[in-house]
Amino acid sequence: CVAADISAAYGIKEKKYRLHIIGSGLVCELFFASIGIIGCELLKISDPLQSFWASFTSAWVISLISTSIPLGKGDGSLVLAHWFEINDFRDRAVKVAKSWILRRFIPEALTSKRRRLFRWYGLLSFIYEIVINIFVFWLIGSLLIMWLSGIGCILFLAIVVLKFEKEIVRYVPLFQFFIWL
């Protein structure tokens, strides 16, 4: 929800200051969540504005939690990458973990300590991404089907196809013929 161009932070030599700038998005989300909590506490439950503050707070808290987890693609993984001083840590670790699982050659030369770190972090990140995708798609699918029944089911299938189009085309080449629909 909060976005900023922090590419200039890479020029800072001291790790401490670089991490302060990279983690500033998390601090902003924490600030907005705190403002929301204060707004909720100041109003009575019967006040109509209290529901606004409750929605505001829950949105910022969910955003803060989802971006601060180091296994995801948010600020948490970026902070972790700079803590270890490894460029593109999450993406590289997921590639190493996938090659380890599929018993293929590791895509880059790593020391044994780094290889272990990349394998386990990549494996946990990959599992986290799968679990989050399953939860989000389950939630979207159940809500669409509950609200729109048959049309909701068709919309949900269209969303799944659009999200996983590359993977479907890779494993089912005949699907390319039907993609123009």
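As a reminder, the structure under discussion sits directly above these lines.
Our subject in this report is the structure included herewith.

What counts and how
Residues numbered from 1 in each chain as written. Predicted model: local features only at pLDDT ≥ 70, side-chain atom pairs only at ≥ 80, totals over all residues. Heavy atoms only, no water. Salt bridge = Lys/Arg side-chain N within 4 Å of Asp/Glu carboxyl O. Helix = DSSP H or I, 4+ residues; strand = E, 2+ residues; numbered from the N terminus. Buried < 20%, exposed > 50% of the residue type's maximum accessible area, 1.4 Å probe, protein only. Phe/Tyr/Trp six-rings, centres within 6.5 Å; stacked < 30°, edge-to-face > 60°. Lys NZ or Arg CZ within 6 Å of the ring centre and 35° of its normal. Patch = residues over 30% accessible without salt bridge, like charges linked within 9 Å, V, L, I, M, F, W, Y side chains within 5 Å. Areas by Shrake-Rupley, 256 points an atom, 1.4 Å probe, with all protein chains shown as cover. Axes fitted to C-alpha atoms, helices over the stretch in contact; angles between N-to-C directions. Parallel < 35°, antiparallel > 145°, perpendicular 65-115°, else oblique. Contact = heavy atoms within 4.5 Å. Nonpolar A, V, L, I, M, F, W, Y, C, P; charged D, E, K, R; others polar. Expected span 1.5 Å × (residues − 1). Arc of directions from axis to C-beta.

Oppositely charged side chains may form a pair once their charged atoms are brought near each other. For the coordinates displayed, the defined rule picks out 4 salt bridges. The closest approach of N and O atoms between Arg 18 and Glu 85, which form a salt bridge, is 3.6 Å. Of this pair, Arg 18 sits in helix H1 (residues 15–22) while Glu 85 sits in the loop between helix H4 (75–84) and helix H5 (89–101); the two residues are 67 residues apart in sequence, bridging distant segments of the chain. Its relative accessible area of 10% is what places Arg 18 among the buried residues. Residues Arg 92 and Glu 108 are paired through a salt bridge, measuring 2.5 Å at the closest nitrogen-oxygen approach. Remark: Glu 108 occurs in the loop between H5 and helix H6 (112–163) and Arg 92 occurs in helix H5; sequence separation between them is 16 residues.

Right, let's get into the packing of aromatic side chains. Taken as a whole and judged by the stated rule, the model has 13 aromatic pairs. When the centroid spacing of 5.5 Å and the interplanar angle of 65 degrees are considered together, the rings of Phe 31 and Phe 32 count as edge-to-face. Using a relative accessible area of 30% as the deciding quantity, one classes Phe 32 as partly exposed. In textbook terms, an aromatic cluster arises when at least three aromatic residues are bridged by ring pairs, as seen for Phe 31, Phe 32, Phe 52, Trp 53, Phe 56 and Trp 60. In this arrangement the basic side chain of Lys 15 is found over the ring face of Trp 83, its NZ or CZ atom lying 4.7 Å from the centre. A cation over an aromatic ring shows up here: Lys 163 above the ring of Phe 164, its NZ or CZ 5.7 Å from the ring centre.

A word on a nonpolar patch on the surface. Together, Ile 132, Phe 135, Val 136, Trp 138, Leu 139, Ile 140 and Ile 159 make up an exposed nonpolar region whose accessible area comes to about 590 Å². Position of Val 136 among the secondary structure elements: in helix H6. Judged by its relative accessible area of 35%, Val 136 falls in the partly exposed class.

With that settled, consider the packing of H5 against H6. Where H5 meets H6, the closest approach of the two axes is 7 Å, and the angle between their N-to-C directions is 95 degrees. Accordingly, the angle class assigned to the pair H5 and H6 is roughly perpendicular. Across from Phe 89, Arg 90, Arg 92, Ala 93, Val 94, Val 96, Ala 97, Lys 98, Trp 100 and Ile 101 in H5, the residues of H6 making contact are Leu 117, Phe 118, Arg 119, Trp 120, Tyr 121, Gly 122, Leu 123, Ser 125, Phe 126 and Glu 129. Residues of the contact of H5 with H6, tallied by class, amount to 13 nonpolar, 2 polar and 5 charged.

It is worth spelling out helix H2 (residues 24–42) at this point. The first and last C-alpha atoms of H2 sit 27 Å apart over 19 residues, in line with the 27 Å expected at 1.5 Å per residue. Listed as buried for H2 are Gly 25, Leu 26, Glu 29, Ala 33, Gly 36, Gly 39 and Cys 40. Each buried residue of H2 lies within a common arc of 145 degrees when the element is viewed along its axis, so the set occupies one face. For H2, exposure combined with an orientation more than 90 degrees from the buried face picks out Val 27, Glu 41 and Leu 42. Packing partners of the buried residues in H2 comprise H1, helix H3 (48–68) and H4.

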